[in-house]
Amino acid sequence: MKAAPARVTLEDLAAIVAARAAAEGEPSYTRTLIAKGVAKCAQKLGEEAVETALAAVGTDTKAVISESADLLYHLAVLLQARGVSLDDVYAELGRRTNQSGLEEKASRPRG
């Protein structure tokens, strides 16, 4: 009987990405991406966001799940590359939930 797959949280994912980014001497897709710089990490995140959006309007739920996992991974890589922690993101989400979505959107700088 196959064991159930492990549940990986965003915190787990961020820790895995950080460990792979710091591991020297071991081949790692994560290290390769981060070594190419923030722009490459951002490009990959954008690609995955588009793929996730396209999957979402399709009929294949497994594709939505798979692309969403890719999107979260590439977000974790980009955050690592930029030195932004999940706690920083969570704090911003907390700040935003203290007001309505319309109020929050209206308070953003226009640019």
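Treat the numbers as computed from the prediction; the structure is a model and nothing was measured.

(A) Expanded view of a negative patch on the surface. Together, Glu11, Asp12, Asp87 and Asp88 make up a negatively charged patch on the protein surface. Counting residues per element, the ones that place at least two in the negative patch are α1 (10-22) and α5 (86-96). With respect to the secondary-structure elements, Asp12 resides in helix α1.

(B) Structural detail: the packing of aromatic side chains. Applying the stated rule across the entire model yields one aromatic pair. Each ring, one from Tyr29 and one from Tyr73, has its centre 6.2 Å from the other, and the planes form 20 degrees; the classification is stacked. Taken together, the residues span a long stretch of sequence, with Tyr29 in helix α2 (residues 29-35) and Tyr73 in helix α4 (residues 61-82) at a distance of 44 residues. Exposure remark for Tyr29: the relative accessible area of 45% places this residue in the partly exposed category. The class of Tyr73 is buried, set by a relative accessible area of 16%.

(C) Structural context of a nonpolar patch on the surface. Taken together, the side chains of Leu10, Leu72, Leu75, Val84, Val89, Tyr90 and Leu93 present a nonpolar region at the surface, about 500 Å² in accessible area. Broken down by element, the residue count for the nonpolar patch peaks at three residues, all from α5. Residue position: Tyr90 is located in helix α5. A residue is classified by how much of its surface remains accessible, and Tyr90, at 31% relative accessible area, is partly exposed.

About the cut-offs
- Along each chain, the written sequence defines residue order, and numbers are assigned to residues from 1.
- Reporting in this predicted model follows two pLDDT cut-offs: at least 70 for local features of residues, and 80 or more for side-chain atom pairs to be given and counted; totals over whole chains, interfaces and linings ignore these cut-offs and use all residues.
- Hydrogens and water are ignored here; the side-chain numbers use all heavy atoms of the structure.
- Nonpolar side chains (Val, Leu, Ile, Met, Phe, Trp, Tyr) within 5 Å and like charges within 9 Å form the patches, drawn only from residues with over 30% relative accessible area and no salt bridge.
- Where accessible areas are quoted, they stem from the Shrake-Rupley method and a 1.4 Å probe; at the residue level, only the protein chains shown are allowed to cover.
- Should a side-chain nitrogen of Lys or Arg be within 4 Å of a carboxyl oxygen of Asp or Glu, the pair is scored as a salt bridge.
- Charged residues are defined narrowly, with Lys and Arg counted positive, Asp and Glu counted negative, and His plus the chain ends left uncounted.
- Here the site of a charge means atom NZ of a Lys, CZ of an Arg, CG of an Asp or CD of a Glu.
- A run of H or I in DSSP becomes a helix once it reaches four residues, and a run of E becomes a strand once it reaches two; helices and strands are each numbered from the N terminus.
- We call Phe, Tyr and Trp rings a pair once their centres come within 6.5 Å, taking the six-membered ring for Trp, and we label the pair stacked below 30 degrees between planes, edge-to-face above 60, and tilted otherwise.
- Relative accessible area decides the class of each residue, using a 1.4 Å probe on protein chains only: under 20% of the type maximum gives buried, over 50% gives exposed, and in between gives partly exposed.

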